Amino acid sequence: MSAQQIRELVEDKRVIVCVGSGGVGKTTTAAALALYGTLIGKKTLVITIDPAKRLANSLGLDALSHAPQPIPGARLAPFGVPPQGALCAMMLDLTFAWDDFVRRAAPTKAHAATVLDNRLYRVLSRDLPGAQEFIACEALYTLTHERDYDLVVLDTPPTANALDFLDAPERILTMLESDAVKMFARSDEKAARRLGLRFLDGAKGAVYAAFAKFTGTEFLDDMGAFLATFREMYAPISARTRGLQSLLASDSTGFLIITAPVQGPAREARLFHDMLHERGLTVRGLVLNRHTPAPDVPTEGLAERLQGAGLDAPVADKVVQAVNARAAAHRADAAIAADLERSLPADLPRAVVARRARAVADLDALYALLPDLVGL
Ligand SMILES: Nc1ncnc2c1ncn2[C@@H]1O[C@H](COP(=O)(O)OP(=O)(O)OP(=O)(O)O)[C@@H](O)[C@H]1O
Ligand SMILES: [Mg+2]
C-alpha cells in the first residue's frame, strides 16, 4: 500500500521537504509527518512557515518564538509516543532568521552590526525575491547540521513559483557576484549610477519604496555600505549554498509533493515533479490531500429507504440532496486524481488523505490524518 511507502520515508529519511501549490496542505502534512516521526521514537523537528493560528497555538508556537519549541511530553504521551521520541516545532520568522544568519555569518561583530543597522538591509531581507526562500533553506541547513535531530520536516513558503526556494540561494550568490554589486561595494558611485539598479531586477518595487524614504545620496551611501559589508559574507553564504545543495540531493533527504484534487494544483504537482527531476532531486512521494470521501451510504434507492424508516419526505429529500452532492464531489475529485496518476510515474508512492469536516488545527486532528497519510 502506498501510504505505507510514505511511512517508510519518515522511517528512513533525515530530512523531508514538503513542496506544493498554495493552500493544498503543506503545513498540515509537514506537522502530521513530524508527529508520526515522534511516534516511532525519532527526535523530530518541524519547521513551519506561517502556520494557521490555531495549529500554531496547538504546537506551542507564538509569533515571538523563532527557535525550536519542544512540545511537552505530557501532550504527546496520549498518542503513545515512546520515551525517546520528541517533537519540536518552529515557526520561521523571516526577520529573525535573517538577523540570526547575519550575526553568524559576518566576519566580526562590528560587521554584523553595520549590516543589521542598515536601512536597506531591512527592506531587502524582507522583500528581495528569494530572500524568504533563501533563509528557509538556511534554517534547514543549520538546524540539520548543528542539532542532533533524527528527522527534520520542512514546510515550504507559498511562493508564486513554489520551487523558487530551490533556486534562491544560487540567485543570491549570482547577485553578489554581479558587476553592479561589486561597484556599489567599492563605493564607485559614478559607475554604480551608470549601471543603475539593474541587479535588483525584480525587487524594484521594494527598492524604490526604500528610495522614496531616503534622499538620493543617503540611498547610495546606504547601498554602498550595505553591499560592501554584505559581500564580506559571500564566503559563508556560498559555503552554505553548496552545503544545502548537497543536503537536498542526498539520499537521506526526501521530497514530497503535496497536492489537492483541484485542477490548478494538480497540474502544478506534475510540473514540480519534472522541475525537481531536472535539478537532479528525487521526488519520493505524492500526497493527495483533501480528497472528498465517498458517501457512507449507497445513493441508490436512498429516498425510499429513508421514508421507509419513517423520515418525513422533505427531510428525506434534504438528506438525499446532501448525499448526492457528496457523491458528485467524490467523483469529481476521483477524476482529477486519476488524471494526476496517469501523468506521474506509476511507481511513485502516494497517499490519499480524505477531506475532513473541519480545519486540522490540533494534535488530535493531525493524529487522525495518520491512517490516510502513513497507513498507521
Ligand atoms: N485533509 C484536510 N481536511 C480538511 N482540512 C484540511 C485538510 N488538510 C488541510 N486542511 C486545512 O486547509 C487549510 C490549509 O492547509 P495548510 O495551511 O496546511 O496549507 P498550506 O499548503 O500550508 O497553505 P499555504 O500555501 O498558504 O502555506 C488549513 O485550514 C488546514 O487546516
Ligand atoms: Mg503553509
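Notes on the structure in this doc start here. Computed from a prediction, not measured in an experiment: that's the story for all the values here.

Scanning the protein chain from terminus to terminus reveals 18 helices and eight strands. Buried residues in the protein chain amount to 39% of all 376 residues. Across the protein chain, the fraction of contacts at a sequence separation of at least 24, relative to all contacts at a separation of at least 6, is 77%.

So, about the sheet that holds strand β8 (residues 350–354). In spatial order, the strands read β3-β4-β2-β5-β1-β6-β7-β8; together these eight strands make up an open sheet with mixed pairing. Strand pairing shows two members of the sheet lacking a second neighbour, β3 (69–70) and β8, which therefore form its edges. As paired strands, β3 and strand β4 (residues 86–91) are joined by two bridges and run antiparallel to one another. Residue pairing in the sheet places glutamine 69 in a bridge with alanine 89 of β4.

Moving on, we get to unusual backbone geometry. Of note, arginine 290 is a non-glycine position whose phi angle comes to about 65°, a positive value. Among the residues examined, arginine 290 registers 20 C-beta atoms within 10 Å and is labelled buried.

Along its 14 residues, helix α2 (residues 26–39) runs 20 Å from first to last C-alpha, staying within 8% of the 20 Å computed at 1.5 Å per residue. For α2, a buried count of 14 out of 14 residues is recorded, marking the element as mostly surrounded by other parts of the structure. Glycine 41, located one to two residues past α2, shows a positive phi value of around 90°.

Right, let's get into the pairing of β4. Summarising burial for β4: six of the six residues are buried, a large majority. Of the two faces of β4, the one holding Ala86, Cys88 and Met90 and the one holding Leu87, Ala89 and Met91 are both buried throughout. Pairing of strand β2 (residues 43–48) with β4, which is carried by six bridges, proceeds in the parallel orientation. Paired with lysine 43 across the strands is alanine 86, a residue of β4.

Turning our eyes to something else, we now look at the nonpolar core. Counting 87 residues, the largest nonpolar core has Val153 and Leu373 as its most contacted members. Discounting residues that sit within four places of it in the chain, leucine 373 has contacts with Ala3, Ile6, Thr29, Ala32, Leu33, Val287, Ala351 and Val353.

With that settled, consider the packing of α2 against helix α18 (residues 363–374). Remark: α2 packs on α18, axes separated minimally by 9 Å, with the N-to-C direction vectors making an angle of 85°. Taken together, α2 and α18 sit at an angle that is classed as roughly perpendicular. Contacts between α2 and α18 involve Thr29, Ala31, Ala32, Leu33, Leu35 and Tyr36 on the former and, on the latter, Leu363, Leu366, Tyr367, Leu369, Leu370, Leu373 and Val374. Grouping the amino acids of the contact of α2 with α18 by side-chain chemistry returns twelve nonpolar, one polar and no charged.

Before going further, it helps to spend a moment on the environment of threonine 27. Take threonine 27: it is sitting in helix α2. Residues threonine 27 and aspartate 50, spaced 23 residues apart in sequence, show a C-alpha to C-alpha distance of 8.3 Å. Contact partners of threonine 27, with chain neighbours within four places excluded, come to Thr48, Ile49, Pro51, Leu55 and Asp155.

We now examine the pairing of β2. Of all six residues making up β2, five are buried, and the element is well covered by its neighbours. Taken together, the four bridges between β2 and strand β5 (residues 151–155) define a ladder with parallel strand orientation. The residue bridging isoleucine 47 from the neighbouring strand is leucine 154, located in β5.

Here the focus is the packing of helix α8 (residues 131–146) against helix α14 (residues 234–249). Contact geometry for α8 and α14: axes closest at 10 Å, N-to-C directions at 75°. By the angle between their axes, α8 is roughly perpendicular relative to α14. Of the residues in α14, those in contact with Cys137, Glu138, Tyr141 and Thr144 of α8 are Arg240, Gly243, Leu244 and Leu247. Looking at the contact of α8 with α14 residue by residue, the class counts come to four nonpolar, two polar and two charged.

What follows is about α8. Across its 16 residues, α8 extends 22 Å between first and last C-alpha, which sits within 8% of the 22 Å expected from 1.5 Å per residue. Of all 16 residues making up α8, twelve are buried, and the element is well covered by its neighbours. Those residues of α8 lying buried are Ala131, Gln132, Glu133, Phe134, Ile135, Ala136, Cys137, Glu138, Ala139, Leu140, Tyr141 and Thr144.

By secondary structure assignment, the location of leucine 9 is in helix α1 (residues 2–12). The spacing of leucine 9 and arginine 284 is 275 residues in sequence and 7.7 Å in space, taken between C-alpha atoms. Leave out the neighbours within four places in its chain, and leucine 9 touches Ile16, Gly254, Arg284 and Gly285.

About the thresholds
Residues numbered from 1 in each chain as written. Chains lettered and ligands numbered in written order. Predicted model: local features only at pLDDT ≥ 70, side-chain atom pairs only at ≥ 80, totals over all residues. Helix = DSSP H or I, 4+ residues; strand = E, 2+ residues; numbered from the N terminus. Buried ≥ 20, exposed ≤ 12 C-beta atoms within 10 Å, placed from the backbone. Contact = placed C-beta atoms within 7 Å. Pairing = 2+ DSSP bridges. Expected span 1.5 Å × (residues − 1). Core = buried A, V, L, I, M, F, W, Y, C linked by C-beta atoms within 7 Å. Axes fitted to C-alpha atoms, helices over the stretch in contact; angles between N-to-C directions. Parallel < 35°, antiparallel > 145°, perpendicular 65-115°, else oblique. Nonpolar A, V, L, I, M, F, W, Y, C, P; charged D, E, K, R; others polar.

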